[in-house]
Amino acid sequence: MRFSRKHLALPYALFLLLLVVLPLVVIVVYAFSDSSGQPTAENFIRFFTDPNTLGTLFYSLVLALITTLVCLLIAYPVAYSLAFSRIKRRSVLLLLFILPMWINFTLRLTALKELLTLLEGNLAYHPFLNSVIGMSYDFLPFMILPIYNQLERLDRSFMEAASDLGASGFQVFLKVTLPLSIPGVVSGIAMVFLPAMTNYVVLDMLYNSTYIMGSLIGSYFAAYDWHGGSMISLVLLALICLFTLLSGNSEEKPEGGRRL
Amino acid sequence: MSEYIIELKDVLRRFEDDGSVAVRDFNLQVRRGEFVTFLGPSGCGKTTTLRMIAGFDLPTEGQILLDGKDITSLPPNKRPINTVFQRYALFPHMNIYENIAFGLKLKKLPREEVEKKVKRVLDLVDLEGFESRSVSTLSGGQQQRIAIARALVNEPEILLLDEPLGALDLKMRKEMQIELKAMHQQLGITFIYVTHDQEEALTMSDKIVVMNRGSIQQVGTPEDIYNEPKNAFVADFIGESNIFKGIMTGKLKCRFCGGEFECMDDVDEGSLVDVVVRPEDVILSEPEKGTVEGLVTAVTFKGMHYEITVESGKYEMVIVSTKAQKVGDKVGMSLEPDGIHIMLAEDHTTSFTASVMKDYSVMYNGQVIACDLTKLLPGSRLDADAQELRDASGELVDPESLKVQISIAPGDIEMSDDADAGLTRGRIINLIYKGDHYCYVIRTEHGHDLIVDDEYLWNMGDQVSLILPEEKMSFALLK
């Protein structure tokens with residue numbers, strides 16, 4: 001057999017098969033079967049009738065949405081002022097915002113925990129707030145970077161053209177800069193929202209005992225309920241797929257030239 | 001109402017970050033309805049000047065007046081001026097209608113009026129019915145037209161165009177040139193156009209502003225600029241031209257290119273001048289019938305004509321002719337007086353090229369010239385014992401790769417009748433009395449005509465030795 005470039009993909013194909021496709025198949029099989037191995041839709045029905053799982057889904061969604069919103073509100077002005085600043089060493093300034101990513105995540109959260117304890121007295125008073133703060137702190141760089149990149153490579157003549165045609169500074173931002181930066185915002189949201197939906201380590205470390213999707217799956221598996229846990233994983237996967245498809249579509253739109 | 005729609009007074013633009021000056025001493029008055037072109041090589045400051053008129057850049061010093069009113073620091077959105085950008089800058093998130101209506105909607109015009117105006121301006125640029133198309137479906141030429149439409153729909157007092165045709169192919173560019181000119185005549189508004197293409201500038205403009213290194217070189221009609229360039233830069237930049245250093249040898253007589261020619265510009269005898277000869281003005285003839293004789297060294301067929309290069313002594317003349325010549329043939333060259341354009345020279349330094357020997361000494365005409373190569377190559381070191389010159393990064397410099405250009409001003413050259421006293425020898429072919437000294441033209445043994453000022457009287461035809469004092473020389477490395 002002659003060696004061709006295709007064969008270079010073999011290790012990855014094997015990896016994909018063993019660690020992605022196979023587990024996925026197992027999850028699907030488990031999700032739609034009962035403990036005796038008979039196919040059933042009961043797990044599916046249970047998920048959408050159990051107030052406990054639905055409540056957790058809702059809590060996770062709200063937490064992720066608020067975290068994303070907080071990140072966006074902090075990141076956009078930062079990215080904007082960085083991208084349009086006249087400072088020569090912009091990359092150094094950007095680095096300052098990215099730097100926390102280099103520090104071990106456990107260390108970072110432990111430090112945050114101490115700080116919050118100092119401010120609030122007891123972390124248990126504000127579990128939701130603490131989770132939002134912790135996750136925003138953790139994910140902020142993932143929001144700044146894509147928005148910064150998008151704004152930075154934006155042709156300045158678009159803004160000049162808008163101003164030339166009579167737009168004031170604020171109108172230029174509203175009608176040109178903001179719409180043209182949407183692709184960056186969308187990928188920023190995807191980078192923050194998806195991990196925020198599933199990440200439960202932050203909650204864990206900040207003593208928030210409320211379950212979110214990630215911890216819920218963990219609890220099912222810990223109780224040997226493989227079938228119920230698999231169904232929750234599958235629903236979560238479906239939600240993520242849906243969101244990725246949506247954000248992927250809107251990312252292409254500015255190139256197509258239609259109004260967003 | 002002021003006579004001038006826009007006026008720039010002593011405008012200077014210095015960039016804060018590196019202190020470089022992009023535009024200096026810029027004074028210009030533009031009449032209502034004129035088509036003015038800023039012409040110059042890239043980096044000459046033409047776009048910066050345009051950006052200051054648009055309001056994207058602010059002058060460091062000076063004033064910009066619009067219709068007599070100071071608008072120097074008015075933001076772009078408050079100026080009745082619109083710009084067509086180099087790469088169009090059409091908003092990709094809007095369709096054609098929204099792009100063109102952008103300015104009108106900001107003015108809160110009623111919807112019907114906006115629609116009417118957009119339609120009218122799309123008619124003007126020949127793209128009727130394109131309203132709902134998206135920007136990305138348009139060709140470069142169509143995007144160009146939309147960019148013009150988007151600017152014109154606001155009925156600006158001045159339309160600025162920053163190299164708008166640069167991205168189009170040749171045929172398209174020619175078409176757009178004609179259309180832009182027609183639009184200008186139809187609309188009657190002032191156009192300020194930036195280009196580095198001299199042909200484009202000559203075709204379209206009422207007035208051309210030639211710029212170089214941030215300052216205006218000449219302002220005039222296309223005919224003025226072409227026929228009467230003010231200095232060597234303008235002559236060289238506009239059209240093909242041969243430029244020679246010359247000297248006025250009598251009333252309406254000028255010596256250059258190894259010959260004496262009659263001319264029409266009345267310049268004082270003895271003045272040092274730059275002479276411009278357009279390639280199409282040179283008359284080729286039998287060798288003995290021309291004012292100067294030369295050897296054909298290259299002939300290139302250009303479609304409409306031949307481009308012929310003739311070498312005469314140290315001089316080279318490029319000639320455009322409909323008749324072909326053979327390489328190696330001897331020809332005579334002559335000029336009608338009106339084919340010669342004379343400009344007072346700013347700088348008449350003589351330059352010649354010397355070679356570098358194996359021991360890194362500089363040699364010209366068999367004589368060593370004291371020239372410190374380490375000063376010309378920053379950071380280099382010369383090891384005298386090993387005879388090795390190493391550059392800043394420690395690489396050994398190959399002496400054969402170096403050539404040194406030696407420059408010296410005419411007043412610094414001395415003459416001697418001791419044949420071996422000087423660096424080179426020559427024969428006096430012209431002498432002009434200039435009141436307190438004589439000015440000589442000396443044909444060197446290498447065929448160069450040098451100009452030498454001397455207070456003593458020599459005779460025509462005298463053989464002299466030319467002393468070039470080393471301390472008066474300036475050196476430069478040739479790449």
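Each chain carries its own residue numbering, running from 1 in the written order of its sequence. All chains are assigned letters beginning with A, and all ligands numbers beginning with 1, in the order in which they are written. The predicted origin of the model limits local features to residues at a pLDDT of at least 70 and limits the giving and counting of side-chain atom pairs to 80 or more, whereas totals for whole chains, interfaces and linings rest on all residues. Side-chain calculation: all heavy atoms of the structure are included, whereas hydrogens and water are not.

Note on ring pairs: Phe, Tyr and Trp rings are taken, using the six-membered ring of Trp, and paired if centres are within 6.5 Å. Classes follow the plane angle, with under 30 degrees stacked, over 60 edge-to-face and the rest tilted. Under the defined criterion, the tally for this structure stands at 21 aromatic pairs over all chains. Ring centres of Tyr12(A) and Phe15(A) lie 5.9 Å apart, and the angle between their planes is 20°; on these two criteria the pair is classed as stacked. With Tyr12(A) and Phe15(A) both in helix α1 (residues 10–31), this residue pair falls three residues apart, about one helical turn. Given a relative accessible area of 44%, Phe15(A) falls into the partly exposed group. A centroid spacing of 5.6 Å and a plane angle of 70° characterise the contact between Tyr59(A) and Phe128(A), whose relative ring orientation is edge-to-face. A residue pair is termed long-range when its members are at least 10 positions apart, and Tyr59(A) in helix α3 (residues 51–84) and Phe128(A) in helix α6 (residues 127–152) qualify at 69 residues. With a relative accessible area of 18%, Tyr59(A) lands in the buried category. Feature note: the residues Tyr76(A), Tyr80(A), Phe84(A) and Phe173(A) constitute an aromatic cluster, connected by ring pairs. Only lysine NZ and arginine CZ atoms are considered, and such an atom sits over a ring when it is within 6 Å of the ring centre and within 35 degrees of the ring normal. Cation over ring: Arg150(B) sits above Phe91(B), and NZ or CZ is 4.7 Å from the ring centre. Its guanidinium or amino end placed over the ring of Tyr226(B), Arg278(B) lies 4.0 Å from that ring's centre, counting from NZ or CZ. The helix and strand labels rest on DSSP assignments: H or I over at least four residues marks a helix, E over at least two residues marks a strand, and numbering proceeds from the N terminus. Accessibility here uses a 1.4 Å probe with only protein chains present; expressed as a share of the type maximum, an area under 20% marks a residue as buried, one over 50% as exposed, and anything in between as partly exposed.

Throughout, a residue-residue contact means that at least one pair of heavy atoms, one from each residue, lies within 4.5 Å. Listed per partner, the contact involves 24 residues of chain A and 27 residues of chain B. A combined buried area of about 2,200 Å² lies between chain A and chain B, and 55% of that area is made up of carbon and sulfur atoms. One side-chain nitrogen of Lys or Arg within 4 Å of one carboxyl oxygen of Asp or Glu is enough to make a salt bridge. Connecting chain A to chain B are two salt bridges. Here Asp155(A) makes a salt bridge to Arg87(B), at a shortest N to O gap of 3.7 Å. Any pair of N or O atoms that falls within 3.5 Å is considered a polar contact. Within protein, one atom must be able to donate a hydrogen and the other to accept it, and sequence-neighbouring residues count only if both atoms are side-chain atoms. Counting across the chain A and chain B interface gives six residue pairs in polar contact (both at pLDDT 80 or more). Counting only elements with at least two residues in the side of chain A that touches chain B, the list comes to α7 (156–164), α8 (169–198) and α11 (226–256) of chain A. A quick way to say it: buried area is the sum, across both parts, of accessible area lost when two parts are put together, with a 1.4 Å probe.

Before going further, it helps to spend a moment on the pattern of salt bridges. Considering all chains together, one arrives at 24 salt bridges over all chains under this definition. Two residues, Glu163(B) and Lys46(B), come together in a salt bridge whose shortest N-O distance is 3.6 Å. With Glu163(B) in the loop between β7 (158–162) and α5 (170–187) and Lys46(B) in helix α1 (residues 46–54), this residue pair connects regions lying 117 residues apart in the sequence. When sorted by exposure, Glu163(B) lands in the same class as Lys46(B), which is buried. Put simply, Glu160(A), Arg13(B), Glu16(B), Arg51(B) and Asp57(B) are held in one network by salt bridges that share partners.

This next bit is on the layout of surface pockets. The distinction between a cavity and a pocket rests on a 1 Å grid over the protein atoms alone: a 1.4 Å probe fits inside a cavity but cannot get out, while a pocket stays open yet meets protein on both sides within 12 Å along at least five of seven lines, and a residue with an atom within 4 Å of a point counts as lining. Grid points are joined across faces, edges and corners, and a volume is the space filled by probe spheres set on the points. What the largest pocket holds in volume is close to 1,100 Å³. Lining the largest pocket are 31 residues, and of these Phe84(A), Arg86(A), Glu160(A), Arg51(B) and Phe56(B) sit closest to its centre. For the lining of the largest pocket, the residue count by class is 14 nonpolar, eight polar and nine charged. Taken as a whole, the second largest pocket encloses approximately 510 Å³ of empty space. Together, 23 residues line the second largest pocket, and Lys245(B), Tyr315(B), Ser351(B), His448(B) and Asp449(B) are the ones closest to its centre. Every element with two or more residues in the lining of the second largest pocket is listed here: β11 (242–250), β12 (253–256), β18 (315–321), β21 (350–356) and β30 (449–454) of chain B. Ranked by the residues each element gives to the lining of the second largest pocket, the list is headed by β11(B), at five residues. As a working rule, the residues Ala, Val, Leu, Ile, Met, Phe, Trp, Tyr, Cys and Pro are called nonpolar, Asp, Glu, Lys and Arg charged, and the rest polar, with Gly in that last group. Residue classes in the lining of the second largest pocket are distributed as 10 nonpolar, eight polar and five charged. A domain assignment, automatic or from a database, supplies the domain bounds used here. Residues lining the lining of the second largest pocket come from more than one domain, with at least three contributed by each of domain 2 (241–344) and domain 3 (350–478) of chain B.

Residue and element names in this part refer to chain B. In this description, strands pair whenever DSSP reports at least two bridges between them. One open sheet holds the four strands; their spatial order is β2-β1-β4-β5, and the pairing between them is antiparallel. Every interior strand has two partners, whereas the edge strands, β2 (21–31) and β5 (69–70), have only one. Pairing of strand β1 (residues 4–14) with strand β4 (residues 61–66), which is carried by five bridges, proceeds in the antiparallel orientation. Paired with Lys-9 across the strands is Gln-63, a residue of β4.

Regular strands have side chains that alternate between both faces of the sheet. Residues and elements named next belong to chain B. Taken across its five residues, strand β3 (residues 35–39) has five buried, putting it largely inside the fold. Side-chain alternation along β3 places Phe-35, Thr-37 and Leu-39 on one buried face and Val-36 and Phe-38 on a second face that is also buried. Where β3 and strand β8 (residues 190–195) come together, five bridges link them in parallel fashion. Among the inter-strand pairings, Thr-37 is bridged to a residue of β8, identified as Tyr-193.

The predicted structure's coordinates, where accompanied by low pLDDT, should not be read in detail. Residue and element names in this part refer to chain A. Confidence in the prediction of chain A, expressed as mean pLDDT, is 87, and 95% of residues score 70 or more. By mean pLDDT, α11 is the weakest element of chain A at 77, and α7 is the strongest at 95. Across residues 252–260 the pLDDT falls below 50, and counting only partners more than four positions away or on other chains, this stretch makes 22 contacts in the model. What pLDDT reports is the predictor's confidence in each residue, on a scale of 0 through 100.

So, on to empty space enclosed by the protein. In the structure shown here, the tally under the stated rule is three cavities of 30 Å³ or more. In this structure, the largest cavity encloses a volume near 80 Å³. Lining the largest cavity we find Thr350(B), Phe352(B), Tyr364(B), Thr424(B), Thr444(B), His446(B), His448(B), Leu450(B) and Leu468(B). Split by residue class, the lining of the largest cavity holds four nonpolar, five polar and no charged. Counted as a void, the second largest cavity has a volume near 50 Å³. Those elements giving two or more residues to the lining of the second largest cavity turn out to be α2 (42–49) and α11 of chain A. Here the lining of the second largest cavity is composed, by residue class, of four nonpolar, three polar and two charged.

Split by domain assignment, chain B resolves into domain 1 (4–227), domain 2 (241–344) and domain 3 (350–478). Using only C-alpha atoms to locate each centre, domain 1 of chain B and domain 3 of chain B end up separated by 50 Å.

Nine residue types can take part in a nonpolar core, namely buried Ala, Val, Leu, Ile, Met, Phe, Trp, Tyr and Cys, and a core is a set of them joined through side-chain atoms within 4.5 Å. The biggest cluster of nonpolar side chains holds 91 residues, and the ones touching the most others in it are Ile6(B), Phe26(B), Phe38(B), Phe91(B) and Phe102(B). Considering every element that reaches this core, the biggest residue donor is α3(A), with 11 residues. Once you skip the residues sitting within four places of it in the chain, Ile6(B) turns out to touch Leu28(B), Gln29(B), Val30(B), Ile53(B), Ile64(B), Leu65(B), Leu66(B), Ile81(B), Ile158(B) and Ile192(B). Val118(B), Leu122(B), Val125(B) and Val135(B) belong to the second-largest nonpolar core, a separate cluster that totals 36 residues.

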